[in-house]
Amino acid sequence: MNTIRVALLQMFPHGNDQRKNLEKGDEFCRKASKLGADIALFPEMWNIGYTPYHTEVWDHNYNPLNPKYPELREKWKEQAISQNDDFIIHFINLARELDMAIAITYLEKWPGSPRNSMALIDRHGKIVMTYAKVHTCDFSLEAACTPGEDFYVCDLNTKSSNIKVGAMICYDREFPESARILMLKGAELILIPNACEMDINRAAQLRARAFENMVAVALANYAGEEQGNSMAYDGMAYDENGKSRDMLVIKAGKSEGIYIAEFDIDKLREYRSRETWGNAFRKPDRYAMLISPEVNEPFIRKEARR
């Protein structure tokens, strides 16, 4: 069996203390390596623990661009780091030392406003993909971020296998287009850093993304009563006899821990070669409206950006 083992690092952060978050991330990566992980996946924006710049960040009726808060916003932006920062360099060296890929997340320094990003470092210590969140939560603190411009897929060499990997970040998974584009670009596995409650409905969305694209998905969330539930689905909705099967690989509870999601890549590839989802039976010439930028009631939101 040709397997890929993804360690879902479900952790409590040390607030926005980047040094302590680095140390904790290092500790969990080392433990994941001892558990045989090929990839260690962090929750969203780990370098600052996804800390807000105002206390009402989860109030959807609150406008984070209110002029009362520019000073707090600017101070929050100053926490952004580049890929030359010691924080990222540390995990580059750690990936090489452990012979394990690391998907590290951070508030990325960027011209204008920072980005909510993930850098996938391969086991040789090379950044093989940088993904910035496309669907930023413009109704909350991510109105202070620059949205990403595209979705990417890379070839990742692990100790176990080579695999095509894509990424989404949190809110991205709530849009079918995100996973669809990654599937069209060849993704076999989608890594998903997360920072919100994974309730029954969001779990159903994630299951759907795996099912409709025949792709494995692995999601790492923060620990805690309001979050937790890191999970993975293998993307194979039916067995070789056509019988429906549960795609769930693993689902964590609320506690801090390292949760290993194991994927049989050969089996996934065989499934993708014979089943009807994916790309073969799509009718893209009928989908022109999907790329229209027009937004009509009742979906107009003043905070939304293009």
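About the cut-offs
Residues numbered from 1 in each chain as written. Predicted model: local features only at pLDDT ≥ 70, side-chain atom pairs only at ≥ 80, totals over all residues. Heavy atoms only, no water. Axes fitted to C-alpha atoms, helices over the stretch in contact; angles between N-to-C directions. Helix = DSSP H or I, 4+ residues; strand = E, 2+ residues; numbered from the N terminus. Left-handed = near helix turned anticlockwise from the far one by under 90°. Contact = heavy atoms within 4.5 Å. Nonpolar A, V, L, I, M, F, W, Y, C, P; charged D, E, K, R; others polar. Pairing = 2+ DSSP bridges. Phe/Tyr/Trp six-rings, centres within 6.5 Å; stacked < 30°, edge-to-face > 60°. Buried < 20%, exposed > 50% of the residue type's maximum accessible area, 1.4 Å probe, protein only. Lys NZ or Arg CZ within 6 Å of the ring centre and 35° of its normal. Core = buried A, V, L, I, M, F, W, Y, C linked by side-chain atoms within 4.5 Å. Expected span 1.5 Å × (residues − 1). Polar contact = N/O pair within 3.5 Å; in protein donor to acceptor, adjacent residues only side chain to side chain. Salt bridge = Lys/Arg side-chain N within 4 Å of Asp/Glu carboxyl O.

A. Main features of the packing of helix 4 (residues 176-184) against helix 5 (residues 200-213). It is the contact of helix 4 with helix 5, at a shortest axis distance of 10 Å, that shows an interaxial angle of 30 degrees. Relative to helix 5, the crossing made by helix 4 is right-handed. Residue-level inspection shows P176, A179, R180 and M183 of helix 4 in contact with helix 5, the latter providing R209, E212 and N213. A per-class count over the contact of helix 4 with helix 5 returns 3 nonpolar, 1 polar and 3 charged.

B. Structural context of the sheet that holds strand 4 (residues 115-121). Within the open sheet, the 6 strands sit side by side as 5-4-3-2-1-12. Their pairing is mixed. Where the open sheet ends on each side, the last strands, each with one partner, are strand 5 (127-132) and strand 12 (257-264). Sheet twist, expressed as the average angle between the axes of neighbouring strands with direction ignored, equals 25 degrees. With respect to the sheet, helix 3 (residues 86-98) is in contact with strand 3 (101-108), strand 4 and strand 5, its orientation differing from that of strand 3 by roughly 175 degrees. Where helix 6 (residues 265-274) meets the sheet, its contacts fall on strand 1 (3-10) and strand 12, and the angle it forms with strand 12 comes to roughly 50 degrees.

C. Structural detail: the packing of aromatic side chains. Under the defined criterion, the tally for this structure stands at 9 aromatic pairs. Ring centres of Y238 and W277 lie 5.6 Å apart, and the angle between their planes is 5 degrees; on these two criteria the pair is classed as stacked. Placement of the pair is Y238 in the loop between strand 10 (231-233) and strand 11 (248-251) and W277 in the segment after helix 6, with a sequence separation of 39 residues. What makes Y238 partly exposed here is its relative accessible area of 27%. Taken together, the aromatic side chains of F42, W46, F87, F91 and Y222 make up a single cluster linked through ring pairs. Residue placement shows K31 over the ring face of F28; its charged tip is 5.5 Å from the ring centre. One residue, R115, lies across the ring of W110, its end atom 3.6 Å from the ring centre.

D. Quick peek at the nonpolar core. Ranked by size, the top nonpolar core spans 53 residues in total, and within it V6, L189 and L191 carry the most contacts. Examining the composition of this core, we find that 5 residues originate from one element, strand 9 (residues 216-220), more than from any other. Apart from the residues lying within four places of it in its own chain, the contact partners of L191 are V6, I39, L41, A103, L120, V165, G166, A167, M168 and A218. Core analysis: the next-biggest nonpolar cluster, separate from the first, contains 39 residues, Y50, I88, I104 and L107 among them.

E. Local environment of helix 1 (residues 18-34). Here helix 1 contains 17 residues, and its C-alpha end-to-end distance of 24 Å stays within 8% of the 24 Å for a straight helix at 1.5 Å per residue. In this structure D17 caps helix 1, since a side-chain oxygen of it lies 3.2 Å from the backbone nitrogen of R19.

F. Summary view of the sheet that holds strand 6 (residues 153-157). The mixed open sheet is built from 6 strands, whose spatial order is 6-7-8-9-10-11. A strand with exactly one partner marks an edge of an open sheet, and here the two such strands are strand 6 and strand 11. Between one strand axis and the next, the sheet turns through 20 degrees on average, direction left out of account. Where strand 6 and strand 7 (residues 162-167) come together, 5 bridges link them in antiparallel fashion. Note that in strand 7 the partner of D155 across the bridge is K164.

G. Summary view of the pattern of salt bridges. One pass over the structure, following the stated rule, counts 23 salt bridges. The salt bridge partner of E97 is R30, with a shortest N-O separation of 2.7 Å. Taken together, the residues E97 in helix 3 and R30 in helix 1 connect sequence positions 67 residues apart. Classification of E97 by relative accessible area gives exposed; the value is 51%. Given a relative accessible area of 30%, R30 falls into the partly exposed group. Put simply, D26, R30 and E97 are held in one network by salt bridges that share partners.

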